[in-house]
Amino acid sequence: MLPISQKMPRVLCIANQKGGVGKTTTTINLGTALAAIGERVLIVDLDPQGNASTGLGIGQKSRGVSSYDVLAGAAAHSAVVETAVPRLAIIPATLDLLGAELELSVRKDRALRLRQAIESLTEATGDDPFSYILIDCPPSLNLLTMNAMAAAHAVVVPLQCEFFALEGLSQLLRTVEQVRQALNPGLDIHGIVLTMFDPRNNLANQVVSDVRQFMGDKVYATVIPRNVRVSEAPSYGKPALLYDLKCAGSQAYLRLASEIIQRERVLRTAA
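Since the structure is predicted, the reported quantities are computational estimates derived from the model, not experimental observations. (Residues numbered from 1 in each chain as written. Predicted model: local features only at pLDDT ≥ 70, side-chain atom pairs only at ≥ 80, totals over all residues. Heavy atoms only, no water.)

(A) Geometry of the packing of aromatic side chains. Across all of its chains, the model carries one aromatic pair by this definition. Between Tyr-236 and Tyr-243 the ring centres are 5.0 Å apart and the planes differ by 25°, which places this aromatic pair in the stacked class. (Phe/Tyr/Trp six-rings, centres within 6.5 Å; stacked < 30°, edge-to-face > 60°.)

The structure is reproduced here in structure tokens:
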């Protein structure tokens, strides 16, 4: 079980087996927002597409040591790359991750590789420790996602406001329960963030209502709107908060970061 500690970083994995729901966008902008309010944040890009790395302006030439190498046994601190955002760093991803599942499958500790790496990273960061580690998961419930959940204290679930949202959520919740029973008894759902919300769409409003009824206070109050500026930002290698701080999407992610910090304070007090 992973305890809540004042010295250890809080590890949150951003997961949903569906693609296109805003996982990477949420990871990048939540990380930036947390850094903006004074936290020291590390993003672990665990998606072979490497979109979180690209979205933070980390080119292929700067990915000498990647998350694949870390899973294979390289020291995690050797893969950390500082970004243009103060107090925000990333362990970048490469396409090598596509072969990680096959290579790790023969190892007894195959689902615990990332947890071990994060534990060693915490020991190596010394006087400038990370307070939050955010893991950007691939759009599938594979061994990479299992590693992320085994390493995490909690899961943040981006959920697109569309018809099949609850169906996908049910599958993810079953996976979280399986990981809790087999690998990580302390794993919890930190919260569900509703993304790509268009208030003009009746279906989107119905999805928001249904998810809140189904999951109660596990759903964050903050809803991320569908926003052109947020969609444009990755092509410039910037988080939306740097690309256009005043846009509706950026302001929503700042509110989400504040809400997550509030939940963290409650959890720490309860612990």
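(B) Structural view of the pairing of strand S8 (residues 219-225). For S8, the buried fraction is high: five of the seven residues fall into the buried class. As paired strands, strand S7 (residues 188-197) and S8 are joined by three bridges and run parallel to one another. Each bridged residue has a counterpart across the sheet, and for Leu-194 the counterpart in S8 is Val-223. Read as a crossover between parallel neighbours, the route from S7 over helix H8 (residues 202-215) to S8 is right-handed. (Buried < 20%, exposed > 50% of the residue type's maximum accessible area, 1.4 Å probe, protein only. Helix = DSSP H or I, 4+ residues; strand = E, 2+ residues; numbered from the N terminus. Pairing = 2+ DSSP bridges. Right-handed = clockwise from strand over helix to strand, strands pointing away.)

(C) Quick peek at the confidence of the model for the chain. Taken over all residues, the pLDDT of the chain has a mean of 89, while the share at 70 or more is 95%. Here helix H4 (residues 100-104) stands out as the least confident element of the chain, with mean pLDDT 83; strand S2 (residues 41-45) is the most confident, with 97. Note on residues 1-5: pLDDT under 50 across the span, and 14 contacts to partners over four residues away in sequence or across chains. (pLDDT = per-residue confidence, 0-100. Contact = heavy atoms within 4.5 Å.)

(D) Spotlight on unusual backbone geometry. Despite not being glycine, Arg-87 shows a phi value in the positive range, around 70°. Relative to the assigned elements, Arg-87 resides in the loop between strand S3 (81-82) and strand S4 (88-91). Residue classification places Arg-87 among the partly exposed residues on the basis of a relative accessible area of 38%. Although it is not a glycine, Met-196 adopts a positive phi angle of roughly 55°. Checked against the element boundaries, Met-196 lands in strand S7.

(E) Quick look at the pattern of salt bridges. This structure, assessed with the given rule, holds eleven salt bridges. Here Glu-162 and Lys-18 are joined by a salt bridge, their closest N and O atoms 2.9 Å apart. Linking Glu-162 in the loop between strand S6 (154-160) and helix H7 (165-182) with Lys-18 in the loop between strand S1 (10-14) and helix H1 (23-36), this pair joins segments that are 144 residues apart in sequence. On the basis of relative accessibility, which here comes to 22%, the residue Glu-162 falls in the partly exposed class. Here Asp-109 ties to Arg-107 by a salt bridge, and the two come within 3.0 Å at their closest N and O atoms. For Asp-109, a relative accessible area of 19% translates into the label buried. With a relative accessible area of 34%, Arg-107 lands in the partly exposed category. Sharing partners across several salt bridges, the network here consists of Arg-107, Asp-109 and Arg-113. (Salt bridge = Lys/Arg side-chain N within 4 Å of Asp/Glu carboxyl O.)

(F) Structural context of the environment of Leu-159. Looking at the element boundaries, Leu-159 is found in strand S6. With 61 residues separating them in the primary sequence, Leu-159 and Leu-98 have C-alpha atoms 25 Å apart. Excluding residues that lie within four positions of it along the chain, Leu-159 makes contacts with Asn-16, Ala-165, Leu-169, Ile-192, Val-193, Leu-194, Thr-195 and Val-211.

(G) Expanded view of H1. End to end, H1 covers 20 Å across 14 residues, agreeing with the expected 20 Å (1.5 Å per residue, within 8%). For H1, a buried count of twelve out of 14 residues is recorded, marking the element as mostly surrounded by other parts of the structure. Turning to H1, its buried residues are Lys-23, Thr-24, Thr-26, Thr-27, Ile-28, Asn-29, Leu-30, Gly-31, Thr-32, Ala-33, Leu-34 and Ala-35. Looking one or two residues past H1, Gly-38 carries a phi angle of roughly 105°, positive in sign. (Expected span 1.5 Å × (residues − 1).)

(H) Representation of the sheet that holds S3 in the model. Read from one edge of the open sheet, eight strands run S3-S4-S2-S5-S1-S6-S7-S8, paired in mixed fashion. Either end of the sheet is taken by a strand with one partner, and the two such strands are S3 and S8. Two elements, S3 and S4, share two bridges in a ladder whose sense is antiparallel. Residue pairing in the sheet places Glu-82 in a bridge with Ala-89 of S4. Strand contacts of helix H6 (residues 143-151): S1, strand S5 (132-136) and S6, with the helix running at about 150° to S1, the strand carrying the most contacts. The strands touched by H7 are S6 and S7; relative to S6, the strand with the most contacts, the crossing angle is about 170°. (Axes fitted to C-alpha atoms, helices over the stretch in contact; angles between N-to-C directions.)

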